[in-house]
Amino acid sequence: MRIAMFGGAGKAGSAILEEALTRGHQVRALVRNPLKTTVIRPGLEVVRGGFEDIAALDRTLEGAKVAVTAIGITSKMRPTLLEDSVTAIRAGMRRAGVERLIVVQGAHLPFPGDPKNPGLLLLKAILGVVMRPVVLDGHRLVSLLQADDCDWTVIRMPPLKVAPATGAMEAGTLRISPLKHVTSGDVAVLALQCMELGTYVKEMPMIMSGRPRPAASTELPVARDGVQRPATKRA
């Protein structure tokens, strides 16, 4: 599968790049500064430019099956970045005939049916004060997508930790809080599942990481007498 990647130099984006290439996909990534690209592997083509550059945008989307954007904003310098970037990407997708879009964003984005647990409400309240322009931009992004006819999915993250996949990722309608987190590896796994299996179309699943699952032991349990015996199930 050929994937068009936007925001591939960030924490979540670089993990998605790595996972896609590991699975044998071809990725074309639009990057403003190629020197910031930490993933250099066969199967990756880097296009220099930003989403405002129509020629670079169209080159990135040419022949793609799916577009993925992990473009994020952590300051108030450009309060319309999310809306602007997705609007430009969707215009390019229409020109290229690409119908599938994966957006990676924060858990503060609203969606019908979200739980109203205190942790999630607290997270949204904190961001609403500290990063109000960013939150408003996220709301506009949601409205933009809900009116769009493409097959979109928004993956919503709690605080992100750069770490491998845990094997204990949860996705769906979750009771997120500021105390929860997700690893970049788990985000990449869910993003690739959405691409490969076509899951969560026109949905906004939340994601969080559980405790990493320990590797299964191949050793037999040792009894008190020091003899190894196969484990027996209790009735």
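It should be noted that the structure appears before, not after, this text.
Residues numbered from 1 in each chain as written. Predicted model: local features only at pLDDT ≥ 70, side-chain atom pairs only at ≥ 80, totals over all residues. Heavy atoms only, no water.

### Re the packing of helix α1 (residues 11-22) against helix α6 (residues 184-197)
The interhelical angle for the contact between α1 and α6, taken along N-to-C directions, is 55°, at an axis separation of 8 Å. By the angle class used here, α1 and α6 are oblique. The way α1 lies across α6 gives a crossing that is right-handed. Side by side, α1 and α6 meet where K11, A12, A15, I16, E19 and A20 of the first sit next to S184, G185, V187, A188, V189, A191, L192 and M195 of the second. Across the contact of α1 with α6, the residue classes break down as 10 nonpolar, two polar and two charged. (Axes fitted to C-alpha atoms, helices over the stretch in contact; angles between N-to-C directions. Helix = DSSP H or I, 4+ residues; strand = E, 2+ residues; numbered from the N terminus. Parallel < 35°, antiparallel > 145°, perpendicular 65-115°, else oblique. Left-handed = near helix turned anticlockwise from the far one by under 90°. Contact = heavy atoms within 4.5 Å. Nonpolar A, V, L, I, M, F, W, Y, C, P; charged D, E, K, R; others polar.)

### Remarks on a nonpolar patch on the surface
A cluster of nonpolar residues, L122, I126 and V130, forms a patch on the protein surface that exposes about 250 Å² of accessible area. Along the polypeptide, I126 turns up in helix α4 (residues 118-130). (Patch = residues over 30% accessible without salt bridge, like charges linked within 9 Å, V, L, I, M, F, W, Y side chains within 5 Å. Areas by Shrake-Rupley, 256 points an atom, 1.4 Å probe, with all protein chains shown as cover. Salt bridge = Lys/Arg side-chain N within 4 Å of Asp/Glu carboxyl O.)

### What to know about the pattern of salt bridges
Counted according to the given criterion, the structure contains 16 salt bridges. For R23, the salt bridge goes to E19, with nearest N and O atoms at 2.8 Å. Overall, R23 belongs to the partly exposed group, its relative accessible area being 32%. Note that R156 is salt-bridged to D114, the shortest N-O span being 2.8 Å. Of this pair, R156 sits in strand β6 (residues 151-157) while D114 sits in the loop between β5 (100-106) and α4, and the two are 42 residues apart along the sequence. In terms of burial, R156 and D114 fall into one category: buried. (Buried < 20%, exposed > 50% of the residue type's maximum accessible area, 1.4 Å probe, protein only.)

### Re the nonpolar core
Core analysis: the largest hydrophobic core is formed by 29 residues, its most contacted members being M5, I16, V27, V68 and M195. For this core, the element with the highest residue contribution is α6, accounting for seven residues. Counting 28 residues, the second-largest nonpolar core is a separate cluster that includes L61, V86, V98 and M204. (Core = buried A, V, L, I, M, F, W, Y, C linked by side-chain atoms within 4.5 Å.)

### Quick look at the pairing of strand β4 (residues 66-69)
In β4, alternate side chains face the same way, and those of V66 and V68 on one face and A67 and T69 on the other are all buried. Sheet topology note: the strand β1 (residues 2-6)/β4 ladder contains four bridges and is parallel. Among the inter-strand pairings, F6 is bridged to a residue of β4, identified as T69. Two strands pair when backbone bridges link them, and β4 and β5 are joined in this way by four bridges, in the parallel orientation. From the neighbouring strand, V66 faces β5, where its bridge partner is R100. (Pairing = 2+ DSSP bridges.)

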